[in-house]
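# A closer look at the structure
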Amino acid sequence: MRKPRDYGAELQALSDKAKQLKTRKQTQLGELVIATGADALGTEVLAGVLLAAIGNDDPSRKEAWRKRGAAFFQGSTNARRSAGKDTGGAPAIDPGAQPSAGTPGTA
């Protein structure tokens, strides 16, 4: 006779694995912020930069960001040295971007 499956134990194991993955993801994101030098930015500024990046629909700008990020991870010394600096290329944030709806002072 076959042994019945313990669904409760399997669900608990999956839940534990999901927690581990979430914790690892948060740790890696924190390490990335530190490695790029973005930890020198204020929390509000960093959140604004990330929201601007998410809201940007310009494929050429996203591709430029992707290339810059790939160079950073490939260990390019120029990319690492200038991680927290504007290199004179496309601006990291679109200065004409509209503030989000939740920003004070917007209607």
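Description of the structure in this document.

Rules and cut-offs
- Residues numbered from 1 in each chain as written.
- Predicted model: local features only at pLDDT ≥ 70, side-chain atom pairs only at ≥ 80, totals over all residues.
- Heavy atoms only, no water.
- Helix = DSSP H or I, 4+ residues; strand = E, 2+ residues; numbered from the N terminus.
- Buried < 20%, exposed > 50% of the residue type's maximum accessible area, 1.4 Å probe, protein only.
- Contact = heavy atoms within 4.5 Å.
- Phe/Tyr/Trp six-rings, centres within 6.5 Å; stacked < 30°, edge-to-face > 60°.
- Patch = residues over 30% accessible without salt bridge, like charges linked within 9 Å, V, L, I, M, F, W, Y side chains within 5 Å.
- Areas by Shrake-Rupley, 256 points an atom, 1.4 Å probe, with all protein chains shown as cover.
- Salt bridge = Lys/Arg side-chain N within 4 Å of Asp/Glu carboxyl O.
- Expected span 1.5 Å × (residues − 1).

## Details of the overall build of the protein
Across its full length, the protein holds 4 helices and 0 strands. Ordered by position in the sequence, the α and β elements of the protein form the string α-α-α-α. Residue burial in the protein is summarised as follows: out of 107 residues, 6% are buried. In the protein, the share of contacts with a sequence separation of at least 24, taken over all contacts with a separation of at least 6, comes to 39%.

## Thoughts on the packing of aromatic side chains
Applying the stated rule across the entire model yields 1 aromatic pair. Centre to centre, the rings of Phe72 and Phe73 are 5.5 Å apart; their planes meet at 80°, and the pair counts as edge-to-face. With relative accessibility at 7%, the residue Phe72 sits in the buried group.

## Some remarks on a nonpolar patch on the surface
On the surface, a nonpolar cluster with roughly 300 Å² of combined accessible area is contributed by Leu29, Leu32 and Phe73. Inspection of the secondary structure puts Leu32 in helix α1 (residues 7-36).

## Side note on the environment of Gly69
By the secondary structure assignment, Gly69 is in helix α3 (residues 59-73). C-alpha separation for the pair Gly69 and Thr36, spaced 33 residues apart in sequence, amounts to 9.8 Å.

## Let's talk about α1
A rise of 1.5 Å per residue sets the reference length of α1, with its 30 residues, at 44 Å; its end C-alpha atoms lie 43 Å apart and thus fit the reference within 8%. Directly after α1, the chain includes Gly37, whose backbone phi takes a positive value near 85°.

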